[in-house]
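Spelled out, the chains give:
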Amino acid sequence: ILNVEQSPQSLHVQEGDSTNFTCSFPSSNFYALHWYRWETAKSPEALFVMTLNGDEKKKGRISATLNTKEGYSYLYIKGSQPEDSATYLCAFRGDTDKLIFGTGTRLQVFP
Amino acid sequence: NAGVTQTPKFRVLKTGQSMTLLCAQDMNHEYMYWYRQDPGMGLRLIHYSVGEGTTAKGEVPDGYNVSRLKKQNFLLGLESAAPSQTSVYFCASSSNTGELFFGEGSRLTVL
């Protein structure tokens, strides 16, 4: 059973705060790590697909890092805005074709 | 741009009834997935397919069957619905290494 864990489960921050979340995944048989943003009443949308140890990706105020040897990835949001409020999901693909999701971190940004 | 389309979007079934959810994608993707979303449990993989004519079991396959007769379509069947199958079902597609593109979800209630 593949174990993909995310922490914290939920987070409340003030507008302008920077924040980060963690995704832990198996450190063996790594193929890719995905991050998705999921707004209420919508479908998940991809933020990043990361495949190499040490990868760092950035999209606007959101960035992510990857450590495949120890099995974790961090997602950072700089200067959070109310529109960043969403659930952030990570998903792990190992040496099978299954893409297994964590349970997500729910972020609420208050004005 | 249609992307990934799921039908129906809502359905109410009685215990023991059968139904099929249809997922269609127009991006020529090889990979297609069916997930279910339940409160507190994130997205759990039911079945997936890596190409036309192939299917494989995910994390929670029991009570479901799938078929991928055409590359663009991935069908999820419930032969004898149970209340435990009340959920929101998401279909997704991807290239073999890329991000997932999700449908809008299908809300199923089994009474």
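Residues numbered from 1 in each chain as written. Chains lettered and ligands numbered in written order. Predicted model: local features only at pLDDT ≥ 70, side-chain atom pairs only at ≥ 80, totals over all residues. Heavy atoms only, no water.

Chemist: I'd like to hear about empty space enclosed by the protein, residue by residue, with values.
Modeler: Regions of empty space are outlined by a rolling probe, equal in size to a water molecule, passed over the atoms. Under the criterion given, the structure shown has one cavity of 30 Å³ or more. In this structure, the largest cavity occupies an estimated 30 Å³ of space. (1 Å grid on protein atoms, 1.4 Å probe; cavity = no way out; pocket = protein on both sides within 12 Å on 5 of 7 lines; lining within 4 Å. Points joined across faces, edges and corners; volume = space filled by probe spheres on them.)

Chemist: Pulling in residues and values, what's your account of the sheet that holds strand S6 (residues 56–59) of chain A?
Modeler: Residue and element names in this part refer to chain A. What the five strands build is an open sheet, ordered S1-S3-S8-S7-S6; its pairing is antiparallel. Each edge of the sheet is formed by a strand with only one pairing partner; in this case those strands are strand S1 (5–7) and S6. Averaged over all adjacent pairs, the angle separating strand axes in this sheet is 15°, with direction ignored. With four bridges connecting them, S6 and strand S7 (residues 62–67) associate as antiparallel partners. By the bridge assignment for S7, Glu56 is matched with Thr65. (Pairing = 2+ DSSP bridges. Helix = DSSP H or I, 4+ residues; strand = E, 2+ residues; numbered from the N terminus. Axes fitted to C-alpha atoms, helices over the stretch in contact; angles between N-to-C directions.)

Chemist: Hey, could you go over the environment of Arg44 of chain B for me, with residue numbers and the actual values?
Modeler: Note that Arg44 of chain B resides in strand S5 (residues 42–49). Residues in contact with Arg44 of chain B, not counting those within four places in the same chain, are Trp34, Tyr35, Arg36, Asp38, Glu59 and Val60 of chain B. (Contact = heavy atoms within 4.5 Å.)

Chemist: I'd like a rundown of the layout of surface pockets, residues and numbers included.
Modeler: A volume near 820 Å³ is recorded for the largest pocket. Listing elements by their share of the lining of the largest pocket, those giving two or more residues are strand S5 (45–50), strand S9 (86–93) and strand S11 (105–110) of chain A together with strand S4 (31–38) and strand S10 (101–102) of chain B. For the lining of the largest pocket, the leading source of residues is S11 of chain A, giving five residues.

Chemist: Explain the state of the cysteines residue by residue, including any values.
Modeler: Under the defined criterion, the tally for this structure stands at two disulfides over all chains. With its sulfur 2.0 Å from that of its partner, Cys23 of chain A forms a disulfide with Cys90 of chain A. Taking the sign of the torsion about the S-S bond as the criterion, the disulfide between Cys23 of chain A and Cys90 of chain A, at about 75°, is right-handed. Placement of Cys23 of chain A in strand S3 (residues 19–24) and of Cys90 of chain A in strand S9 is noted, with a sequence separation of 67 residues between them. Between the sulfur atoms of Cys23 of chain B and its disulfide partner Cys91 of chain B the distance amounts to 1.9 Å. When the S-S torsion is -75°, as for the bridge of Cys23 of chain B with Cys91 of chain B, the disulfide is left-handed. (Disulfide = S-S within 2.5 Å.)

Chemist: Lay out the packing of aromatic side chains in plain terms, naming residues and giving numbers.
Modeler: A full pass over the atoms with the stated rule returns 17 aromatic pairs over all chains. Relative to Phe92 of chain A, the ring of Phe30 of chain A has its centre 6.0 Å away and its plane inclined at 50°; by these criteria the two rings are tilted. Here the residue Phe30 of chain A occupies a position in the loop between S3 and strand S4 (32–38), and Phe92 of chain A occupies one in strand S9, the gap between them amounting to 62 residues. Ring centres of Tyr36 of chain A and Phe102 of chain B lie 5.8 Å apart, and the angle between their planes is 90°; on these two criteria the pair is classed as edge-to-face. With one member in each of two chains, Tyr36 of chain A in strand S4 and Phe102 of chain B in strand S10 form a pair that bridges those chains. Members of the aromatic cluster, joined through ring pairs, are Tyr36, Trp38 and Phe101 of chain A together with Tyr31, Tyr33, Tyr35, Tyr48, Phe90 and Phe102 of chain B. One residue, Lys59 of chain A, lies across the ring of Phe48 of chain A, its end atom 6.0 Å from the ring centre. (Phe/Tyr/Trp six-rings, centres within 6.5 Å; stacked < 30°, edge-to-face > 60°. Lys NZ or Arg CZ within 6 Å of the ring centre and 35° of its normal.)

Chemist: Can you explain the sheet that holds strand S7 (residues 65–67) of chain B? Please cite residues and give values.
Modeler: All names here are of chain B. Pairing in this open sheet of four strands is antiparallel, and the strands run S1-S3-S8-S7 from one edge to the other. Each edge of the open sheet carries a strand with a single partner, namely strand S1 (4–7) and S7. Neighbour to neighbour, the strand axes of the sheet diverge by 15° on average, direction disregarded. With six bridges connecting them, strand S3 (residues 19–25) and strand S8 (residues 73–78) associate as antiparallel partners. Bridge assignment links Met19 to a residue of S8, and that residue is Leu78.

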